[in-house]
Amino acid sequence: MRFLLPVGLIATTLAIAPVRFDREKVLRVKPQDEKQANLIKDLAQTNQLDFWYPDAAHHVAPNMTVDFRVSEGESQSIQSALDQNQMHYEILIHNLQEEIEKQFGVKEDTPGRHSYATYNNWDKIVAWTEKMVHKHPEMVSRIKIGTTVEDNPLYVLKIGKKDERRKAIFMDCGIHAREWISPAFCQWFVYQATKTYGKNKIMTKLLDQMNFYVLPVFNVDGYIWSWTQDRMWRKNRSKNQNSKCFGTDLNRNFNVSWDSSPTTENPCTEIYRGPAPESEKETKAVTDFIRHHLSSITAYITIHSYSQVLLLPYGYTTELPPNHKELAKIAKISTDALSTRYETRYIYGPIASTIYPASGSSLDWAYNLGIKHTFAFELRDKGKFGFLLPQPQIKPTCKETMLAVKFIAKYILKHTS
């Protein structure tokens, strides 16, 4: 007897098969002039290119390093077009699926213990937040600041003593789902802060005198989706009206020059800004929390990947903020401190001139709200693996980044009122 599945169930079963990336490539090109830059833009019009750097085709400019993912079916024609136009290109990743599979199934250090050397899914991160509160009740508390579109909780961990009035730094990770090294750093930061308190002189002083609000995963729904369905997912998972495309880029959804870029209007692009500023539950939860604690929050840090850059305001304009010189000085010393561990080189500067213009970003929003020390880290690497940073690089990346964040915190403690 044949067993027939109901049609609806078949559809559901088919719909949840994870996206595969067999034999997809990541190419790197560096257009030498306007003509070559326009060729990349033209190819993006007629092919399904996923831009890794910059994050959209319209940012492509002469002498810019451009990384993009191309499907197996289109890679031959794309490579031919580049060859015909004498454009030198490099294949960074030959088979994306193989690289993705290397990120899963790595044995944990000790079964049952939270691992800081592997990537952790959302369930493990939630369990870890509970564990940190249980283990360090005098220093760690968990605050539910809201819920996501899919009703997952948004948790902030407050690290430090109970006094609300002390200076604080707000730090978020994982605003873009596919940037897995970012939440890994937030976990490492909390772990090291609690582990070294009372042993490390700088960390002890910081936690005695200030608080840290750490949001380990900003874009929870997108992060879950990147684990279960589509490793290359970037946006959140909200439904868009009159569109078959899902998701808003949460880092274009903040109320700062939100509608200045027409290129963020299309719901099917990776940089869709959403239907209105703060339209997304995740953005609204974070902005409400920061506004509520504005009297104590003196610095804002947001963690992304990749490209090894420390970014400063602004993204929506090339004008420099009034305290640009001070921010640049902090960035220089921070990146110098970072490089002392493994000689990893970072550059630094304002978003718009250092990478590319961006409207509606959390960094610019926080700065314009009155938090005059705002920083965005783009962590390792410079493109060899891109968003698929191998797990052996997690700890080194976290250790070096910790040096920079500690310097920023030390500066904030000493120099802000």
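Computed from a predicted structure; not experimentally measured.

(A) Main features of helix α3 (residues 72-84). Between its first and last C-alpha atoms α3 spans 19 Å; for 13 residues at 1.5 Å apiece the expected length is 18 Å, and the two agree. Buried residues of α3: Glu-74, Ser-75, Ile-78, Gln-79, Ala-81 and Leu-82, and no others. With its buried residues spanning 160° around the axis, α3 presents them on a single face. Residues Gly-73, Gln-76 and Gln-84 are exposed on α3 and point more than 90 degrees away from its buried face. Looking at the residues trailing α3, positive phi occurs at Gln-86, about 50°.

(B) Inspection of the layout of surface pockets at higher detail. What the largest pocket holds in volume is close to 1,000 Å³. Contributing to the lining of the largest pocket are 32 residues, with Gln-48, Leu-49, Cys-268, Thr-269 and Glu-270 lying nearest its centre. In terms of residue count, helix α2 (residues 34-46) provides more of the lining of the largest pocket than any other element does, 3 residues in total. For the lining of the largest pocket, the residue count by class is 14 nonpolar, 8 polar and 10 charged.

(C) Examining the sheet that holds strand β4 (residues 89-93) more closely. Strands sit in the order β2-β3-β1-β4 across an open sheet of 4 strands; the sheet is antiparallel. The sheet terminates laterally at β2 (50-53) and β4, the two strands that pair on one side only. Taken pair by pair, the neighbouring strands of this sheet meet at an average axis angle of 30°, ignoring direction. Inspection of the sheet shows β2 paired to strand β3 (residues 66-70) by 3 bridges, in the antiparallel sense.

(D) Region of the structure containing the pairing of strand β9 (residues 297-305). With 9 of 9 residues buried, β9 is to be regarded as a mostly interior element. Of the strand pairs in this sheet, strand β7 (residues 168-173) and β9 are connected by 6 bridges, and their pairing is parallel. Looking at β9, one finds that Met-171 is bridged to Ile-301. Pairing analysis gives 6 bridges linking β9 to strand β12 (residues 374-379), with the strands arranged parallel. Within the sheet, the bridge partner assigned to Ser-305 lies in β12 and is Leu-379.

(E) Seen up close, empty space enclosed by the protein. Applying the stated criterion to the full structure yields 2 cavities of 30 Å³ or more. As a volume, the largest cavity reaches approximately 260 Å³. Lining the largest cavity we find 24 residues, and of these Asn-251, His-304, Ile-355, Tyr-356 and Glu-378 sit closest to its centre. Contributions of two or more residues to the lining of the largest cavity are made by β2, β9, α12 (362-369) and β12. Element by element, the count of residues in the lining of the largest cavity is highest for β9, at 3 residues. Tallied by class, the residues present in the lining of the largest cavity amount to 11 nonpolar, 8 polar and 5 charged. Reported here for the second largest cavity is a volume of approximately 30 Å³. If you go around the second largest cavity, the residues you meet are Ser-115, Tyr-116, Thr-118, Asn-120, Ala-184, Gln-187, Trp-188, Ile-394 and Cys-398.

Reading guide: rules and limits
Residues numbered from 1 in each chain as written. Predicted model: local features only at pLDDT ≥ 70, side-chain atom pairs only at ≥ 80, totals over all residues. Heavy atoms only, no water. Helix = DSSP H or I, 4+ residues; strand = E, 2+ residues; numbered from the N terminus. Expected span 1.5 Å × (residues − 1). Buried < 20%, exposed > 50% of the residue type's maximum accessible area, 1.4 Å probe, protein only. Arc of directions from axis to C-beta. 1 Å grid on protein atoms, 1.4 Å probe; cavity = no way out; pocket = protein on both sides within 12 Å on 5 of 7 lines; lining within 4 Å. Points joined across faces, edges and corners; volume = space filled by probe spheres on them. Nonpolar A, V, L, I, M, F, W, Y, C, P; charged D, E, K, R; others polar. Pairing = 2+ DSSP bridges. Axes fitted to C-alpha atoms, helices over the stretch in contact; angles between N-to-C directions.

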